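Each chain, letter by letter, is given below.
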Amino acid sequence: MFSKETINKFKTIPTPFYYYDLEVLKQTLQLVKTESAKYNFIVHYALKANANNKLLNIIKSYGIGADCVSGNEVKKAIECNFNAEDIVFAGVGKADDEINYALEKDIFCFNCESLQELEVINQLALAKHKTANIALRINPNVNANTHKYITTGLEENKFGINLWELDAVIKALKTLKNLQLIGLHFHIGSQITDLSTFRNLCLRVNEIQTIFEHHKIRIENINVGGGLGVDYHEPDKNRFPDFVSYFKLFNDFLEVRPHQKVHFELGRAIVAQCGTLISKVLYIKIGVNTNFAILDAGMTELLRPALYQAYHKIENLSQSEIYNPKSETLKYDVVGPICESADCFGKAVQLPETFRGDIIALRTAGAYGEVMSSAYNLRERVKAIYY
Ligand code: LLP
């Protein structure tokens, strides 16, 4: 729900733009801190969800670490004052210069995804006379029950070391003298709304831990990744994910050894609800079976609907209840201006009668929105404003 004052402000700013409600971000971070602290859990923020400097500075101020998937993300985290010893670096395809950069900065840990990657990091660390801290990213073969493009923890996915490769990896580690194994890492997917999925992950991690104990390998850190989902349908009713149950579940089901620390890598759950894409209606066009509301924002500003058929709640703020309490709704296909049929934010969306110039909000766009925007069709890069 936006106040009349906020909507009036939107009307004065050139569209499209991302609007970030920093109060919502801070309240979310406070919840993350309070609930994770109950169990001494360590939280890293996954920069891939949103690497906007202003947001990163606030996130850092809550004492949260960083989860990066490229050399530039590591660089950005350091620029935004995240401590190198709180940075983890994952990714199936780390390039040599990215590894070298992270080695120079002495980051906390490389989350490694293949045997060959381990060999390369060892070689690069040796050349620098350093020892790299590493965690093995293990593919636990747990179904995340989410969209197939954001499922990562099944054997068929490219991510992580498969369970049947573990023996070979453990054997190889004995010869890789410039690596220090400090942890195990797991991440099974994103936008997970059924918490029992995380319970399945915990049970699998418990089994995998025993494999290492069997080999007399001491594991100091267990990193269970991210993936906690948000409510795209009711962003006002459920503004905050259920961090209470989420962290409690790991405390209840993960068998943590006394010397171990548990890490999380949350992205979406921290930033999704604080961001909204604000756009304007350029044209209303009568189609064969539908009306089109053509916006000045498209898949270049928010790719998720085109790529994952993702739902984002669409609201016509100019005709909202504040202004127009009794207006009847009509159905619109809400589309962008890009020359692609996939450039559609929603089909048959019920909106109050909509006119050229109306302000349209695409809600819950703080995660994987601005950061996935592009300049396709030589569009201007989308801007951001903050409250
Ligand atoms: N850790 C690792 C290793 C990851 O790959 C990811 C996300 C995260 C943590 C953070 O996951 P989160 O807490 O945000 O679910 N672009 C897609 C989502 C891709 C997620 C990629 N990995 C989307 O818009 O839905």
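K.L.:
Requested: an account of unusual backbone geometry, with residues and values cited.
P.N.:
A cis amide bond links Thr15 with the next residue in sequence, Pro16, at an omega value of -5°. Summarising the element assignment, Pro16 is placed in the loop between helix H1 (4-10) and strand S1 (17-20). For Asn81, which is not glycine, the phi torsion reads 70° and is therefore positive. Although it is not a glycine, Asp106 sits at a positive phi angle of roughly 55°. Since its relative accessible area comes to 48%, Asp106 is described here as partly exposed.

K.L.:
I'd love a proper account of the pairing of strand S3 (residues 65-68), names of residues and values included.
P.N.:
Neither face of S3 is left uncovered, since the one carrying Gly65 and Asp67 and the one carrying Ala66 and Cys68 both have all their residues buried. By the bridge criterion, three bridges tie strand S2 (residues 42-46) to S3 in an arrangement that is parallel. What sits directly across from His44, in S3, is Gly65. As for the winding sense of the linkage, the β-α-β connection from S2 through helix H3 (residues 53-61) to S3 is right-handed. Relative to strand S4 (residues 87-89), S3 runs parallel, the two sharing three bridges. Each bridged residue has a counterpart across the sheet, and for Ala66 the counterpart in S4 is Ile87.

K.L.:
Could you give me a rundown of the pairing of strand S11 (residues 275-286), with the residues and numbers involved?
P.N.:
The side chains of a regular strand alternate, first on one face of the sheet and then on the other. Bridging between S1 and S11 involves four bridges; their strand directions are antiparallel. What sits directly across from Phe17, in S11, is Ile278. Sheet analysis places S11 next to strand S16 (residues 359-362), joined by four bridges and oriented antiparallel. Bridged to Lys280 within S16 is Ile359. Between S11 and strand S12 (residues 291-295), which pair antiparallel in sequence order, lie four residues.

K.L.:
Before we move on, could you go through the layout of surface pockets and cite the residues and values that matter?
P.N.:
Empty space within the second largest pocket amounts to approximately 370 Å³. Lining the second largest pocket are 19 residues, with Glu315, Asn316, Gln319, Ser320 and Glu321 positioned closest to its centre. Only strand S13 (314-316) and strand S15 (344-352) provide two or more residues apiece to the lining of the second largest pocket. The leading source of residues in the lining of the second largest pocket is S15, at three residues. A class-by-class count of the residues in the lining of the second largest pocket yields eight nonpolar, seven polar and four charged.

K.L.:
With reference to specific residues and values, describe empty space enclosed by the protein.
P.N.:
Tallied over the full model, the rule gives two cavities of 30 Å³ or more. Size it by volume and the largest cavity reaches roughly 50 Å³. Around the largest cavity sit Val88, Phe108, Cys109, Asn111, Ala135, Ile182, Gly183, Leu184, Asn221, Asn223 and His263, which together line it. The set of elements that each furnish at least two residues to the lining of the largest cavity consists of strand S5 (109-112), strand S8 (179-185) and strand S9 (221-223). With three residues, the top contributor of residues to the lining of the largest cavity is S8. In the lining of the largest cavity, the residues fall into six nonpolar, five polar and no charged. Within this model, the second largest cavity holds a volume of roughly 30 Å³. Considering the residues around the second largest cavity, the lining is formed by Val24, Thr28, Val230, Arg239, Pro241, Ala269, Ile270, Ala272, Gln273 and Cys274. Mapped onto the lining of the second largest cavity, the elements with two or more residues apiece are helix H2 (22-37) and helix H10 (268-271).

K.L.:
Summarise the packing of aromatic side chains; cite the residues concerned and give the values.
P.N.:
On inspection of all chains with the given rule, the structure shows 19 aromatic pairs. Ring geometry for Tyr20 against Tyr386: centres 5.9 Å apart, planes inclined by 20°, an arrangement best described as stacked. Within this pair, whereas Tyr20 is found in strand S1, its partner Tyr386 is found in strand S17 (residues 383-386), the two being separated by 366 residues in sequence. Accessibility expressed as a relative area gives 29% for Tyr386, which makes it partly exposed. Among the aromatic residues, those joined into a cluster by ring pairs are Tyr39, Phe41, Phe198, Phe243, Tyr246, Phe247, Phe250 and Phe264. Looking at Lys54, its charged tip hangs above the ring of Tyr386, at a distance of 5.0 Å from the centre. We note Lys94 situated over the ring of Phe89; from NZ or CZ to the ring centre the distance is 5.6 Å.

Criteria and cut-off values
Residues numbered from 1 in each chain as written. Predicted model: local features only at pLDDT ≥ 70, side-chain atom pairs only at ≥ 80, totals over all residues. Heavy atoms only, no water. Helix = DSSP H or I, 4+ residues; strand = E, 2+ residues; numbered from the N terminus. Buried < 20%, exposed > 50% of the residue type's maximum accessible area, 1.4 Å probe, protein only. Pairing = 2+ DSSP bridges. Right-handed = clockwise from strand over helix to strand, strands pointing away. 1 Å grid on protein atoms, 1.4 Å probe; cavity = no way out; pocket = protein on both sides within 12 Å on 5 of 7 lines; lining within 4 Å. Points joined across faces, edges and corners; volume = space filled by probe spheres on them. Nonpolar A, V, L, I, M, F, W, Y, C, P; charged D, E, K, R; others polar. Phe/Tyr/Trp six-rings, centres within 6.5 Å; stacked < 30°, edge-to-face > 60°. Lys NZ or Arg CZ within 6 Å of the ring centre and 35° of its normal.

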